[in-house]
Amino acid sequence: MLEDRWLRAVADLDNLRKRIARDAERIRAEERSKVTAEWLPILDNLELALSHAVRGDGGADAVLEGVRAVRDQAVTLLNKLGYPRHDETGVPFDPARHEAATTVERADADPGTVVEVLRPGYGDGERQLRPAVVAVAKKGE
């Protein structure tokens, strides 16, 4: 009798473990679908800009403006998803948010200040996708 209850409890625990694994995978798949669907309008607009470039509609300025608009749309989506863009200059270098690619002598900036962003960073703290790659001011010699 006790052994039957123990076997039933072990089976129930195994079933629970399998159900939780299935539910977790289903939730991950749903979230991937939602995020992917958010990117589709950006992809559509990028393809539209490329088709205008191929046809030559409106000249290079119109295509450039279209590509900028698509980039802005992508940045807005990343921000909405919790990954804000970081491309600030004039701020102190922070190794948690920045990756120094180079240092430059700049009389108009304090040493240790970000003077140029070579590649923007996205996200904050624990949710950082990547740090900003920057050039940092150093003292002149």
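Predicted model, so just to flag it, every value in this text is computed and none were measured.

Considering the sheet that holds strand β3 (residues 114–119)
Right, on to step 1. Spatially, the three strands line up as an open sheet ordered β2-β5-β3, and their pairing is mixed. Looking at strand neighbours, the two that pair on one side only are β2 (98–105) and β3, the edges of this open sheet. Neighbouring strand axes in the sheet, compared pairwise and without regard to direction, differ in orientation by 30 degrees on average.

A few points about the environment of Arg97
Right, on to step 1. Checked against the element boundaries, Arg97 lands in the loop between β1 (85–86) and β2.
Right, on to step 2. On the basis of relative accessible area, Arg97 is assigned to the partly exposed category, the value being 28%.
Right, on to step 3. In sequence terms Arg97 and Val10 are 87 residues apart; their C-alpha atoms lie 48 Å from each other.
Right, on to step 4. For Arg97, the contacting residues outside a window of four places in its chain are His86, Glu88, Gln128, Pro131 and Ala132.
Right, on to step 5. A polar contact is formed between the side chain of Arg97 and the side chain of Glu88, at a distance of 3.2 Å.

Topic: the pattern of salt bridges
Should the charged atoms of two oppositely charged side chains come close, the side chains can pair.
Right, on to step 1. All told, the structure shown has 11 salt bridges when counted by the stated rule.
Right, on to step 2. Here Glu38 ties to Lys80 by a salt bridge, and the two come within 3.2 Å at their closest N and O atoms. Of this pair, Glu38 sits in helix α1 (residues 2–55) while Lys80 is found in helix α2 (residues 59–80), placing the two residues 42 residues apart along the sequence.
Right, on to step 3. Overall, the relative accessible area of 33% leaves Glu38 in the partly exposed class.

A closer look at the side chain of Thr113
Right, on to step 1. Relative to the helices and strands, Thr113 resides in the loop between β2 and β3.
Right, on to step 2. On the basis of relative accessible area, Thr113 is assigned to the buried category, the value being 12%.
Right, on to step 3. Discounting chain neighbours no more than four positions away, the residues touching Thr113 are Gly90, Val91, Pro92, Phe93, Ala135, Val136 and Ala137.

Section: the side chain of His86
Right, on to step 1. Position of His86 relative to the elements: it lies in strand β1.
Right, on to step 2. Note on His86: relative accessible area 13%, which makes it buried.
Right, on to step 3. Among the polar contacts made by the side chain of His86, one reaches the main-chain carbonyl oxygen of Gly123 at a distance of 3.2 Å.
Right, on to step 4. Once residues lying within four places of it in the same chain are set aside, the contact partners of His86 are Arg97, Pro120, Gly121, Gly123, Asp124 and Ala132.

About the cut-offs
Residues numbered from 1 in each chain as written. Predicted model: local features only at pLDDT ≥ 70, side-chain atom pairs only at ≥ 80, totals over all residues. Heavy atoms only, no water. Pairing = 2+ DSSP bridges. Helix = DSSP H or I, 4+ residues; strand = E, 2+ residues; numbered from the N terminus. Axes fitted to C-alpha atoms, helices over the stretch in contact; angles between N-to-C directions. Buried < 20%, exposed > 50% of the residue type's maximum accessible area, 1.4 Å probe, protein only. Contact = heavy atoms within 4.5 Å. Polar contact = N/O pair within 3.5 Å; in protein donor to acceptor, adjacent residues only side chain to side chain. Salt bridge = Lys/Arg side-chain N within 4 Å of Asp/Glu carboxyl O.

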